[in-house]
Amino acid sequence: MSGAIERIAVVTGDITRLAVDAIVNAANESLLGGGGVDGAIHRAAGPKLLDECREIGGCPTGEARITGGYELAARYVIHTVGPVWHGGTADESRLLGACYSDALRLAKQNAIETIAFPAISTGVYGYPIEAATVVAVRSVAAWLVANEAPRAVTFCCFSARDSAVYQRVLGAFNPRTRARVP
Ligand code: AR6
């Protein structure tokens, strides 16, 4: 597991600025844009992104779809639809984990080496950040243990507070640092 954890980085900032092969969008089932990171990605990529999304015709919760990145530095956008938080009893953790693994499956299929994820579902969709981070790290680490591609995964948090949660959860997953985690 530690080899996989070493392929994961955490940064704080705007995901639309990252020079990675693919950025992941926390979209809704229509794939026609919205607020939050979805709005930021569509604004930065330009109107051709919406044209391509329209052709796809939507995406179910827990799955992912790939498009070009247009005016972004990233060559691709992988759109995934996280679950709305209903208190934890509506299959939310399985669906959220599936967002990460389906996005990584598309990344591998498209020879993407570097990919960045936002904290899917933790904004408008209300998933508590701590619980969502455990699902995100578990799902990504399990993928990286079993697959050589993508080579590197970045968790791009929008606040230092969220980054600190990711760092803590990653530390708890890493056998070398576990002793230091309370
Ligand atoms: N870069 C990185 N992270 C960001 C950025 C950014 N530019 N902007 C916001 N975040 P949200 P959701 C963080 O609400 O909860 C949309 O309307 C934000 O702080 O964007 O999955 C869609 O169309 C939070 O940590 O996505 C859907 O309708 C994280 O991104 C709905 O919102 C996710 O927050 C999806 O809700």
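If you're wondering where the values come from, they're calculated on a predicted model, not measured in any experiment.

So, how was this worked out
Residues numbered from 1 in each chain as written. Predicted model: local features only at pLDDT ≥ 70, side-chain atom pairs only at ≥ 80, totals over all residues. Heavy atoms only, no water. Near = heavy atom within 4 Å. Polar contact = N/O pair within 3.5 Å; in protein donor to acceptor, adjacent residues only side chain to side chain. Areas by Shrake-Rupley, 256 points an atom, 1.4 Å probe, with all protein chains shown as cover. 1 Å grid on protein atoms, 1.4 Å probe; cavity = no way out; pocket = protein on both sides within 12 Å on 5 of 7 lines; lining within 4 Å. Sits in = over half its atoms within 2 Å of the grid points. Helix = DSSP H or I, 4+ residues; strand = E, 2+ residues; numbered from the N terminus. Phe/Tyr/Trp six-rings, centres within 6.5 Å; stacked < 30°, edge-to-face > 60°. Buried < 20%, exposed > 50% of the residue type's maximum accessible area, 1.4 Å probe, protein only.

The environment of the ligand is formed by 22 residues, the closest being Asn28, Gly35, Val37, Asp38 and Val124. Taking Ile15, its main chain carries an N or O atom lying 3.0 Å from a nitrogen atom of the ligand. Coverage of the ligand by the protein chains reaches 89% of its 710 Å² of free accessible surface. Judged by its atoms lying within 2 Å of the grid points, the ligand is housed in the largest pocket. Broken down by secondary-structure element, the contributors of at least two residues to the shell around the ligand are β2 (22–27) and α2 (36–45).

What follows deals with the packing of aromatic side chains. The tally for this structure, following the rule as stated, stands at 5 aromatic pairs. Here Trp85 and Tyr127 contribute two aromatic rings whose centre-to-centre distance is 4.6 Å and whose plane-to-plane angle is 50 degrees, an arrangement assigned as tilted. In this pair, Trp85 sits in the loop between β4 (76–81) and α4 (92–109) while Tyr127 sits in the loop between β5 (114–117) and α5 (129–146), placing the two residues 42 residues apart along the sequence. For Trp85, a relative accessible area of 28% translates into the label partly exposed. Between Phe117 and Phe155, the ring centres sit 6.4 Å apart and the planes meet at 40 degrees, which makes this aromatic pair tilted. Of this pair, Phe117 sits in strand β5 while Phe155 sits in strand β6 (residues 152–157), and the two are 38 residues apart along the sequence. No difference in accessibility class separates Phe117 from Phe155, as the two residues are buried. Ring pairing ties together the aromatic residues Tyr100, Phe117, Phe155 and Tyr166, which thus form one cluster.

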